Protein chains: 2
Amino acid sequence: MDVMSRPQRLSGFPEWLPAEKIVESAIIASLQHTFALHAFTEIETRAVEPLDQLLRKGETSKEVYVLRRLQESVEEAAAEAQDQRQLGLHFDLTVPFARYVLENAGKLVFPFRRFQIQKVWRGERPQEGRFREFIQADIDVVAQDMLPAHYEVELPLVMAEALNNLTQFGVPKAQILVNNRRLSEGFYRSLGISDVDGVLRNIDKLDKIGASAVRELLESELALTAESAQACLDLAAINATEAADLQDQVLALCERVGASHELLDQGLAELTQLLDAASARLPEAIKADLKIARGLDYYTGAVYETVLVGHEDLGSVCSGGRYDTLASDGKTTYPGVGLSIGVSRLVSRLIAKSLAVASRSVPTAVLVAVNDEADRATSNDIAATLRANGTPVEVAPTAAKFGKQIRYAERRGIPYVWFPPTAERTRPDGSIAPAQDHQIKDIRSGEQRDADPSRWTPPIEDLWPSISAGV
Amino acid sequence: MDVMSRPQRLSGFPEWLPAEKIVESAIIASLQHTFALHAFTEIETRAVEPLDQLLRKGETSKEVYVLRRLQESVEEAAAEAQDQRQLGLHFDLTVPFARYVLENAGKLVFPFRRFQIQKVWRGERPQEGRFREFIQADIDVVAQDMLPAHYEVELPLVMAEALNNLTQFGVPKAQILVNNRRLSEGFYRSLGISDVDGVLRNIDKLDKIGASAVRELLESELALTAESAQACLDLAAINATEAADLQDQVLALCERVGASHELLDQGLAELTQLLDAASARLPEAIKADLKIARGLDYYTGAVYETVLVGHEDLGSVCSGGRYDTLASDGKTTYPGVGLSIGVSRLVSRLIAKSLAVASRSVPTAVLVAVNDEADRATSNDIAATLRANGTPVEVAPTAAKFGKQIRYAERRGIPYVWFPPTAERTRPDGSIAPAQDHQIKDIRSGEQRDADPSRWTPPIEDLWPSISAGV
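For clarity, every value in this text was computed on a predicted model and none was experimentally measured. (Residues numbered from 1 in each chain as written. Chains lettered and ligands numbered in written order. Predicted model: local features only at pLDDT ≥ 70, side-chain atom pairs only at ≥ 80, totals over all residues. Heavy atoms only, no water.)

**Q** Can you lay out the pattern of salt bridges for me, pointing to particular residues and giving the numbers?
**A** What the rule picks out here adds up to 50 salt bridges over all chains. Notably, a salt bridge pairs Arg322 of chain B with Glu152 of chain B, separated by 3.0 Å at the nearest N-O pair. Taken together, the residues Arg322 of chain B in strand E11 (residues 318–328) and Glu152 of chain B in helix H5 (residues 150–165) connect sequence positions 170 residues apart. Residue class for Arg322 of chain B comes out buried when judged on its relative accessible area of 7%. Glu373 of chain B is the partner of Arg376 of chain B in a salt bridge, and the nearest nitrogen-oxygen pair spans 2.5 Å. Residues joined by salt bridges that share partners form a network here, namely Arg9 and Glu15 of chain A together with Arg46, Glu49, Arg99 and Glu103 of chain B. (Salt bridge = Lys/Arg side-chain N within 4 Å of Asp/Glu carboxyl O. Helix = DSSP H or I, 4+ residues; strand = E, 2+ residues; numbered from the N terminus. Buried < 20%, exposed > 50% of the residue type's maximum accessible area, 1.4 Å probe, protein only.)

**Q** Summarise the interface of chain A and chain B; cite the residues concerned and give the values.
**A** Contact with chain A, which involves 104 residues of that partner, is made by 104 residues of chain B. Counting the contacts that link chain A with chain B gives ten salt bridges. A salt bridge links Arg281 of chain A to Asp381 of chain B, with the nearest nitrogen and oxygen atoms 3.2 Å apart. Per-element accounting of the side of chain A that touches chain B gives the leading share, eight residues, to helix H1 (residues 18–37) of chain A. Here the residues of the side of chain A that touches chain B sort into 49 nonpolar, 23 polar and 32 charged. (Contact = heavy atoms within 4.5 Å. Nonpolar A, V, L, I, M, F, W, Y, C, P; charged D, E, K, R; others polar.)

**Q** Can you explain helix H6 (residues 181–190) of chain A? Please cite residues and give values.
**A** Residue and element names in this part refer to chain A. The element H6 is extensively covered by neighbouring structure, given that seven of its ten residues are classed as buried. All of the buried residues in H6 are Arg181, Arg182, Leu183, Ser184, Gly186, Phe187 and Tyr188. Looking at where H6 begins, the residue whose side-chain oxygen comes 2.8 Å from the main-chain nitrogen of Arg182 is Asn180. Just past H6, the residue Gly192 takes up positive phi, approximately 85°. (Polar contact = N/O pair within 3.5 Å; in protein donor to acceptor, adjacent residues only side chain to side chain.)

**Q** How would you summarise the environment of Val309 of chain A if you had to cite specific residues and measurements?
**A** All names here are of chain A. As for its placement among the helices and strands, Val309 is situated in the loop between strand E10 (302–308) and strand E11 (318–328). Taking relative accessible area as the criterion, Val309 reaches 46% and is therefore assigned partly exposed. Put simply, Val309 and Glu15 are 294 residues apart on the chain and 26 Å apart in space, counted from C-alpha to C-alpha. The residues contacting Val309, other than those within four sequence positions of it, are Pro172 and Lys173.

**Q** Outline the packing of helix H1 (residues 18–37) of chain B against helix H13 (residues 343–352) of chain B, listing residues and values.
**A** Residues and elements named next belong to chain B. Across the interface, H1 lies against H13 with an axial gap of 10 Å and an inter-helix angle of 135°. Between H1 and H13, the crossing angle belongs to the class labelled oblique. Classified by chirality, the crossing of H13 by H1 is right-handed. When H1 is examined against H13, the residues Glu20, Val23, Glu24, Ile27, Ile28 and Leu31 are found in contact with a partner set consisting of Val343, Val347, Leu350 and Ile351. Partitioned by chemical class, the residues of the contact of H1 with H13 number eight nonpolar, no polar and two charged. (Axes fitted to C-alpha atoms, helices over the stretch in contact; angles between N-to-C directions. Parallel < 35°, antiparallel > 145°, perpendicular 65-115°, else oblique. Left-handed = near helix turned anticlockwise from the far one by under 90°.)

**Q** Could you give me a rundown of the confidence of the model for chain A, with the residues and numbers involved?
**A** Scored by pLDDT, chain A has a mean of 92; 94% of the residues are at 70 or more. Both scores are available for the predicted complex, with the pTM at 0.94 and the ipTM at 0.94. (pLDDT = per-residue confidence, 0-100.)

**Q** Requested: an account of the sheet that holds strand E19 (residues 439–442) of chain B, with residues and values cited.
**A** Residues and elements named next belong to chain B. In space, the five strands of this open sheet follow the order E15-E14-E16-E19-E20, with mixed pairing throughout. Sheet topology places strand E15 (393–395) and strand E20 (448–450) at the edges, where each strand pairs with a single neighbour. The sheet shows a mean angle of 25° between the axes of neighbouring strands, direction not considered. As defined by bridge partners, strand E16 (residues 416–419) adjoins E19 across four bridges and the pair is classed as antiparallel. Considered in E19, the bridge of Trp418 is made with Ile440. This element, helix H14 (residues 376–388), spans strand E14 (366–368), E15 and E16 of the sheet and lies at about 175° to E15. The sheet contacts of helix H15 (residues 402–412) involve E14, E15, E16 and E19, and relative to E16 the element is tilted by about 150°. (Pairing = 2+ DSSP bridges.)

**Q** Go over the sheet that holds strand E8 (residues 239–240) of chain A, please, and point to the residues and values.
**A** All names here are of chain A. With mixed pairing, the nine strands of this open sheet are ordered in space as E1-E5-E6-E12-E11-E10-E7-E9-E8. Each end of this open sheet is capped by a strand with a single partner; those strands are strand E1 (41–42) and E8. Bridge count for E10 against E11 is two bridges, and the pairing is antiparallel. The residue of E11 that forms the bridge with Val303 is Gly321.

**Q** Provide a residue-level description of the pairing of strand E6 (residues 133–142) of chain B, including the pertinent values.
**A** Residue and element names in this part refer to chain B. Of all ten residues making up E6, ten are buried, and the element is well covered by its neighbours. Of the two faces of E6, both are covered, the one formed by Glu133, Ile135, Ala137, Ile139 and Val141 as well as the one formed by Phe134, Gln136, Asp138, Asp140 and Val142. Bridging between strand E5 (residues 112–121) and E6 involves ten bridges; their strand directions are antiparallel. The residue bridging Arg113 from the neighbouring strand is Val141, located in E6. The pairing of E6 with strand E12 (residues 333–342) spans seven bridges and is classified as antiparallel. Across the sheet, Ala137 pairs through a bridge with Ile341, a residue of E12.

**Q** I'd like to hear about the state of the cysteines, residue by residue, with values.
**A** All names here are of chain A. Scanning the entire structure with this criterion turns up zero disulfides over all chains. Sulfur of Cys232: no disulfide; nearest cysteine sulfur belongs to Cys254 and is 12 Å away. Since its relative accessible area comes to 1%, Cys232 is described here as buried. (Disulfide = S-S within 2.5 Å.)

**Q** An account of the pairing of strand E3 (residues 65–69) of chain B is needed here, citing residue identities and associated values.
**A** Among the five residues in E3 of chain B, four count as buried, and that is most of the element. Pairing geometry for strand E3 (residues 65–69) of chain A and E3 of chain B, over five bridges, is antiparallel. When the sheet's bridge partners are listed, Val66 of chain A is paired in E3 of chain B with Arg68 of chain B.

What follows is the structure in structure tokens.
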């Protein structure tokens, strides 16, 4: 390869240095473990989908990266475009999951619990400074025809546990905010409002434009009365972590404005169940927040967003909800419920604010020194013995002076240096240096002692890099 | 989402069913572990590189997928094309690694040992039936200015160990075939041949077109004498797993044709070292095979290819070599040595031939039955208790008859069903069913017994899905 000028970062395509990657890998491994403990099985889908599939949700079409083969002929490109064989990179993991479910329906067993941790791509304009490539971690349960409501309670609890397990790596405490479309819809309908999606779309803007601007939109755009608009805002203002508190607030409002509807009762009962289950399992991890609307119109029950306490400016790091039709082939409908963590968003905050720091930039626990280049085989044998006992080991790159070999370990954060045995030898001044046995040095404390490579292992906390919560 | 017709597979984009994904994940986890034990640190690069970087090796240009944003304006597209900001998907992990090293040189410590396991894409014509998206697993050591030759010995041994560790999952035995460019070059030069790359390029065709066709090319294209051409073929015919055997054969040939060159000696010494080290560590795992030439002209020392014994038709599953210039910024040169496993090629063979089979399609070890939908909380509590002890658990989706709940477990390969306690109750016939304690049933043996959820864990071999070598 010939000379390259120093490459430039590509904005929107995050990459990590080795010690940062250790943080990201620890977070992904923790998520995988929590999801698997909760009986979600992992799948991975290809990075591309046919363009017509990706464009089913019209609103995201502007964000798609389309592929073409560099050497594609004009005729080939035209043929592909015509019969819609053009491929694009997926922009989320829900569209590919829906396609995977339909494609493999005969080979899967339902309800199907899957997790999926992959990169997704969005063709944002470069100048916006948003991620164009990032990792999402999704869990979903999808059923055939009928999905019991208890999954709407279970899934946010799984995510709350998954996020709670990340606090050991410095991830700030998360709170999952929950609403239920049925509650909102029942409330609106009993006020005589028919454009339910319209109200939700405006309520979704509360955090951005504030209550009075939303009130104005509800009155001008949707022609709500001042009283109805105020009632919608009052509903959106309710939040609670205790089920009884939520019920008190909702029922008081309903009595005041005269709202009553079967859907409202159902939605409230489901939210109440979730808060009850959460307070038994993870108190405060889940909060009913009736302003959560989620822009997307395919949610039909619970909807979820998640804030990191003290990092609300980051926006939601984990969102989702229930959809009655994840996919359908005409005969069978697949309802589902799921949530998706924005892993890259989380990790980039940890790194930017030094919230999580890896104890070293390499997996290595031990550097085996080399006495003499001619004797490298001895060091290789020691390394093999240590590895056979599960210790990550590197052999020094050159038989430099020991001080230099120790500095090599220091620069990487490798905690131990192993010195191979030496035979009795005559020093330059004629005196005799005695034979010396294997020795291991903890370069942090400077402590050095005899050790047997077939029996020695590092203390468990030094075996692999650890992550500590930073500042 | 509206109705979709049954989606079609996209040829060249492999995807796995859940039980197959368990096999792939086990293989990747095993590779990660071996690489980390050998002190390689993981990095991940973005999926895209600027097109001008990807096209530095002219020969692969036809395989690149270029991206465009779907809603990109004509002006934007033109501007991007003009200042070479067009992006393409990487087709290997070497080009992005070289770029990563240059971009972060000031923040890395050298020699830098990294592994990288990621998808790559090649814009092959669909009809060729080749992978267009696949996973590679690469290890490389890259240094600043000078890379000691012992890394050319170490890296294939790491890969041999990594591949050997995969045999527990049904991966066939691997043999890494090694040659050394210095040996070939020295041999050719001492015969008076100046077009070394030309000879290597033709020797590389031996397996495809046979010895007599290669001889013809060497004589007609490169104007070699019949004797020289024959000598080149004789060198390429040498292979050996024992260092002494290799030396005997090479020295006998050199004496016969009168070849002698410093580079030849150096290359032979390096190959000999590798075979000696291999026979001490992993006998037969590495074979010197002097016909291995590797098409790419940037290799400068050892070159490697790997066959799976009994699956030679698959081609090389792990290739690489030493390159004196992985990257250069004009001031500093970065020599390296590395190998790359074609993970998808390996996994697709395992799956196609049922060489590896997962014990179940879900992580779940225990299904907790539900006595009554009103009592789901009891089952959830049991599941939480079992998970707290590290057991992957799912709660039954409905309070169906126990027979149906057991069949739910059976269909997924879940080995255990947990029955929550029941109170004393009156049967329909008026008799009394006694209270019953927690019970765990192994649904394979049918054995059922009392158990305490806070103390019970499954036998270690049932805790997670295992992979057994298949037929």
